[in-house]
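So the chains spell out like this:
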Amino acid sequence: MPVITQANEVLVKVKAAGICGSDVHIYHGSSPVATYPRVIGHEVAGEILAMGDAVSGFSIGDRVVMDPVIHCGNCHQCRIGRRNVCRNLKVRSVHVDGGYQEYIVLPQQSVYLIPAGLSWEEAVMIEPFTIAEQVCSRAQVTEADIVFIMGAGPVGLSILKRAKMTGATCYISDILGSRLALASSYGADAVIHAKQVDVQTEIMHLTDNNGATVVIDAICSVSSFEQALTHVCAAGRVVTLGFAKEPSAISQFSITAREIDIRGSRLHNNCFPTVIDHFKNGKIQVADMITHRYPFTEVQDALELIEDATVEKGKVVLLF
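Residues numbered from 1 in each chain as written. Predicted model: local features only at pLDDT ≥ 70, side-chain atom pairs only at ≥ 80, totals over all residues. Heavy atoms only, no water.

(A) View of the environment of threonine 166. Relative to the helices and strands, threonine 166 resides in the loop between helix 5 (154-165) and strand 9 (169-174). A relative accessible area of 22% means that threonine 166 is categorised as partly exposed. For the pair threonine 166 and phenylalanine 296, spaced 130 residues apart in sequence, the C-alpha to C-alpha distance is 36 Å. Residue contacts for threonine 166: discarding those within four places in its chain leaves Val141, Thr142 and Glu143. A polar side-chain atom of threonine 166 sits 3.3 Å from the main-chain amide nitrogen of alanine 168. (Helix = DSSP H or I, 4+ residues; strand = E, 2+ residues; numbered from the N terminus. Buried < 20%, exposed > 50% of the residue type's maximum accessible area, 1.4 Å probe, protein only. Contact = heavy atoms within 4.5 Å. Polar contact = N/O pair within 3.5 Å; in protein donor to acceptor, adjacent residues only side chain to side chain.)

Here is the structure:
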């Protein structure tokens with residue numbers, strides 16, 4: 001049982017936790033950034049059971065969500081407001097233990113109140129939407145943009161929902177019809193089945209042979225990063241979320257001749273307050289994104305389900 005050791009800490013009883021693709025990579029030992037041994041889990045919601053003497057703004061029994069990002073506040077990156085790429089960055093479930101445990105102690109600056117009326121399962125989705133918020137911020141998405149999202153998994157669909165809030169035109173691709181059906185229901189202006197049509201031809205058709213102004217690679221493979229450069233227009237922006245170490249074959253000419261901006265997007269940069277407001281105001285609805293629920297003691301079964309390509313699924317949640 002973890003105990004409070006600092007006056008600014010809270011003891012949280014974990015109620016629900018989501019499983020992310022990065023959790024699966026860490027589980028398999030294939031993450032390029034994780035350290036071991038490690039308790040994984042960074043999409044975590046729970047109830048405050050105890051508080052240190054210096055904690056303010058919270059009460060026993062409050063429902064909270066965990067921010068996995070830990071920054072130093074002193075380095076150059078933190079001083080310029082880029083704390084998600086802090087020089088001394090640590091991430092819960094990656095560098096320090098995460099939330100796949102019944103209780104966890106956290107500093108009060110790492111927890112946020114869950115809006116009333118949101119279930120534990122829905123609250124788990126707040127963290128993934130901080131990723132979507134960061135991606136759209138890095139892409140500088142506006143209502144004038146044509147956004148092409150490669151990949152309609154949980155991350156891609158979250159980005160779609162957030163991008164549509166700006167009024168942008170959004171196209172999305174995937175190899176699964178079920179995911180594309182969800183994307184249509186979430187407001188996608190066009191869906192592209194990558195096994196049935198040539199994606200590049202379709203993007204050019206949809207954009208009058210110009211290309212998308214923003215391309216977001218939510219597939220995160222070596223080849224998808226290469227393909228993203230062919231889908232974007234001159235003066236466009238490409239945002240990548242991938243952590244593959246293998247190099248992609250991208251020519252300087254394809255970037256320089258058209259002045260393409262290529263931007264990475266990692267974690268989130270103080271996005272929890274903004275995203276929580278979106279949930280509170282009903283701008284983001286997530287209940288239908290959660291497709292499978294498991295008791296946390298059956299985490300092995302949940303991981304096997306995620307890796308079973310024959311099973312249609314959205315977000316998989318562990319219940320504690």
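(B) Just the sheet that holds strand 11 (residues 212-217), in detail. The parallel open sheet is built from 6 strands, whose spatial order is 10-9-8-11-12-13. At either end of the open sheet lies a strand with only one pairing partner, and these are strand 10 (190-193) and strand 13 (261-264). Neighbour-to-neighbour, the strand axes of this sheet turn through a mean angle of 20 degrees, independent of strand direction. Here strand 12 (residues 232-240) runs beside strand 13; their pairing, made up of 4 bridges, is parallel. (Pairing = 2+ DSSP bridges. Axes fitted to C-alpha atoms, helices over the stretch in contact; angles between N-to-C directions.)

(C) Structural view of a negative patch on the surface. Residues Glu298, Asp301, Glu304 and Glu307 make up a contiguous surface patch of negative charge. Mapped onto the elements, glutamate 298 comes out in the loop between strand 14 (290-295) and helix 11 (299-306). Classification of glutamate 298 by relative accessible area gives partly exposed; the value is 34%. (Patch = residues over 30% accessible without salt bridge, like charges linked within 9 Å, V, L, I, M, F, W, Y side chains within 5 Å. Areas by Shrake-Rupley, 256 points an atom, 1.4 Å probe, with all protein chains shown as cover. Salt bridge = Lys/Arg side-chain N within 4 Å of Asp/Glu carboxyl O. Lys, Arg positive; Asp, Glu negative; His and termini not counted. Charge placed at Lys NZ, Arg CZ, Asp CG, Glu CD.)

(D) Expanded view of the pairing of strand 8 (residues 146-150). Burial analysis of strand 8 places 4 of its 5 residues in the buried class, the great majority of the element. With 5 bridges connecting them, strand 8 and strand 9 associate as parallel partners. Looking at the pairing, phenylalanine 148 lines up with tyrosine 171 of strand 9. Each parallel crossover has a hand, and the one from strand 8 via helix 5 to strand 9 is right-handed. With 4 bridges connecting them, strand 8 and strand 11 associate as parallel partners. Across the sheet, residue valine 147 finds its bridge partner in strand 11, namely valine 214. (Right-handed = clockwise from strand over helix to strand, strands pointing away.)

(E) Up close: the side chain of aspartate 174. Among the secondary structure elements, aspartate 174 is positioned in strand 9. Under the relative-accessibility criterion, aspartate 174 is labelled buried at 7%. When residues no more than four places from it in sequence are discounted, the contact partners of aspartate 174 are Gly151, Ala152, Gly153, Arg179, Leu180, Ile192, His193 and Ala194.

(F) Inspection of unusual backbone geometry at higher detail. The step from tyrosine 36 to proline 37 runs through a cis peptide bond, and the omega angle for that step is -5 degrees. Note on placement: proline 37 falls in the loop between helix 1 (21-28) and strand 2 (43-51). In this structure, asparagine 209 takes a positive phi of about 65 degrees despite not being glycine. Looking at asparagine 209, the relative accessible area reads 62%, which means it is exposed.

(G) Quick look at the packing of aromatic side chains. For the structure shown, the criterion picks out 3 aromatic pairs. When the ring of tyrosine 112 is compared with that of phenylalanine 272, the centres are 5.1 Å apart and the planes differ by 5 degrees; the resulting orientation is stacked. You can see tyrosine 112 sitting in strand 7 (residues 111-113) and its partner phenylalanine 272 sitting in helix 10 (residues 272-280), a full 160 residues away along the chain. You'll find tyrosine 112 and phenylalanine 272 in the same group, each marked buried. Ring centres 5.8 Å apart and planes at 80 degrees place the aromatic pair phenylalanine 129 and phenylalanine 279 in the edge-to-face group. One end of the pair, phenylalanine 129, is in helix 4 (residues 126-139); the other, phenylalanine 279, is in helix 10, with 150 residues separating them in the sequence. Both residues of the pair, phenylalanine 129 and phenylalanine 279, count as buried. When the ring centre of tryptophan 120 is taken as origin, the NZ or CZ atom of arginine 63, which lies over that ring, is 4.7 Å away. (Phe/Tyr/Trp six-rings, centres within 6.5 Å; stacked < 30°, edge-to-face > 60°. Lys NZ or Arg CZ within 6 Å of the ring centre and 35° of its normal.)

Note that all results are geometric; they support no functional claim without further evidence.
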